[in-house]
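Chain by chain, the residues run as shown.
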Amino acid sequence: MSIGEFVHDETPSSEIDRLEALYRPLADAVRDLVDATIRTTVDDATIRRTQADVEALVARLRARQLDGPAGVRFNSEARAWNWGNAVVGQRNALAPPLHLVRDPGGLLHADVVLGAAYEGPPGLVHGGVAALLLDHLMGETASAGHSRVTLTGTLTMRYRRGTPLGPLRLEGRIDREDGRKVYVVATLADAEGVTVEADGVFIVPRWA
Ligand SMILES: CCCCCCCCCC(=O)SCCNC(=O)CCNC(=O)[C@H](O)C(C)(C)COP(=O)(O)OP(=O)(O)OC[C@H]1O[C@@H](n2cnc3c(N)ncnc32)[C@H](O)[C@@H]1OP(=O)(O)O
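Analysis parameters
- Residues numbered from 1 in each chain as written.
- Predicted model: local features only at pLDDT ≥ 70, side-chain atom pairs only at ≥ 80, totals over all residues.
- Heavy atoms only, no water.
- Near = heavy atom within 4 Å.
- Polar contact = N/O pair within 3.5 Å; in protein donor to acceptor, adjacent residues only side chain to side chain.
- Helix = DSSP H or I, 4+ residues; strand = E, 2+ residues; numbered from the N terminus.
- Pairing = 2+ DSSP bridges.
- Phe/Tyr/Trp six-rings, centres within 6.5 Å; stacked < 30°, edge-to-face > 60°.
- Buried < 20%, exposed > 50% of the residue type's maximum accessible area, 1.4 Å probe, protein only.
- Lys NZ or Arg CZ within 6 Å of the ring centre and 35° of its normal.
- Expected span 1.5 Å × (residues − 1).
- Bend = angle between axes of the 7 residues up to and from the residue.
- Contact = heavy atoms within 4.5 Å.

### Section: the site of the ligand
Okay, step 1: Close to the ligand lie 16 residues, the nearest being Asp135, Thr154, Arg180, Lys181 and Arg206.
Okay, step 2: Taking threonine 152, its main chain carries an N or O atom lying 3.2 Å from a nitrogen atom of the ligand.
Okay, step 3: Between a nitrogen atom of the ligand and a side-chain N or O atom of threonine 154, the distance comes to 2.7 Å.
Okay, step 4: At the level of secondary structure, the elements contributing two or more residues to the shell around the ligand comprise helix 3 (127-142) and strand 6 (151-159).

### Points about the sheet that holds strand 2 (residues 72-74)
Okay, step 1: Strand order in the open sheet formed by three strands is 1-2-3, with mixed pairing between adjacent strands. The outermost strands of the open sheet, each flanked by one partner alone, are strand 1 (6-8) and strand 3 (80-81).
Okay, step 2: Bridge count for strand 1 against strand 2 is three bridges, and the pairing is parallel. If you follow histidine 8 over to strand 2, its bridge partner there is phenylalanine 74.

### Comments concerning the packing of aromatic side chains
Okay, step 1: According to the stated counting rule, one finds two aromatic pairs in the structure shown.
Okay, step 2: Residues phenylalanine 6 and tryptophan 207 carry aromatic rings whose centres are separated by 6.4 Å and whose planes lie at 45° to one another, so their mutual orientation is tilted. Of this pair, phenylalanine 6 sits in strand 1 while tryptophan 207 sits in the segment after strand 9 (193-203); the two residues are 201 residues apart in sequence, bridging distant segments of the chain.
Okay, step 3: Phenylalanine 6 gets classed as partly exposed once you look at its relative accessible area, which sits at 25%.
Okay, step 4: Ring centres of tyrosine 23 and tryptophan 83 lie 6.3 Å apart, and the angle between their planes is 40°; on these two criteria the pair is classed as tilted. Residue tyrosine 23 is located in helix 1 (residues 13-39), and its partner tryptophan 83 is located in the loop between strand 3 and strand 4 (99-102); the two are separated by 60 residues in the primary sequence.
Okay, step 5: Above the ring of tyrosine 23, the side-chain terminus of arginine 91 is found at 3.5 Å from the ring centroid.

### With respect to helix 1
Okay, step 1: Along its 27 residues, helix 1 runs 38 Å from first to last C-alpha, staying within 8% of the 39 Å computed at 1.5 Å per residue.
Okay, step 2: Roughly 25° is the biggest bend found in helix 1, and it falls at tyrosine 23, with proline proline 25 one to four residues downstream.
Okay, step 3: When helix 1 is considered as a whole, its buried residues turn out to be Ser13, Ile16, Leu19, Glu20, Ala27, Arg31 and Asp35.
Okay, step 4: In this structure, the buried residues of helix 1 make contact with strand 3.

So, in C-alpha cells, the structure goes:
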C-alpha cells in the first residue's frame, strides 16, 4: 500500500454530507435487495423478471462510473470519506454498515444488526465477518480519531461461542503503545455477553 491511495480532495464537507444523504438510501435499498434475494420464496417467473429488472438498473448506473475503486479521500477540514469501504462505506451495500461512536475515556463502540447476508453456521455470524468488523473497529481505535494512519499487522481472534445473527455490539480500546506499534483489544457481544475477543497489533507504517 502506498500513501498515493489517500487522495487530498477539496470537496467541501457540506457537499460530502449531501452526497452521503443521496447515496445512503440507495445502498440501504440494495442491501434490502440482497436480503430479499436470500429469503424470497416467490415463483420462478417472478425471479426471472426480477433478474431482468436488476440487470436494467445495473446498466443505468454503469452509464457513468469510476474505472477502479473509490479510494480514501480527505479535505482540509479533516473530513475523510471512503465510499466503498467494506465495513463503513456509505455507498457499499456489502458493508453492514458500522456506525462508530467514540466514548469519553477512549473506548470506541458500534451497534450493528447483522441479517441473513452475514450468516456462516446456521443462524450464526460467519467467523470471517466477525473478524472483518472487529478489524475495522480496532483499526479506527488505533488511528485515535484519524490523527494517524495505522494498518493491521497481526490480528488474533478467540471465538468463545457462536455469535447469533441480530443485534450486536463491538467495543475496542487501545491497550498500550510501543513506538509505531499500537496494541488494541476488542470484543463482539450479543445481549448475553461477549462472543468473540480480539487483540491486535496495528502499525503506523514507516511511510506515514
Ligand atoms: C485513518 C483511517 C482509519 C481506517 C481504519 C481502517 C482499518 C482497516 C484495517 C485494515 O484492514 S488494514 C489492511 C490490512 N493490513 C495490511 O494490509 C498491512 C500490510 N502490511 C504492511 O503494510 C506492513 O507490513 C506494515 C505497515 C504492517 C509494517 O511495515 P513497516 O515497514 O512500517 O514496519 P517495520 O518493518 O518498520 O516494523 C515496525 C515495527 O512493527 C513490527 N511489525 C512489523 N510488521 C508487523 C506485523 N505484521 N505484525 C506485528 N508487528 C509487526 C516490527 O517488528 C517493528 O517492531 P519493532 O519496532 O519492535 O522492531
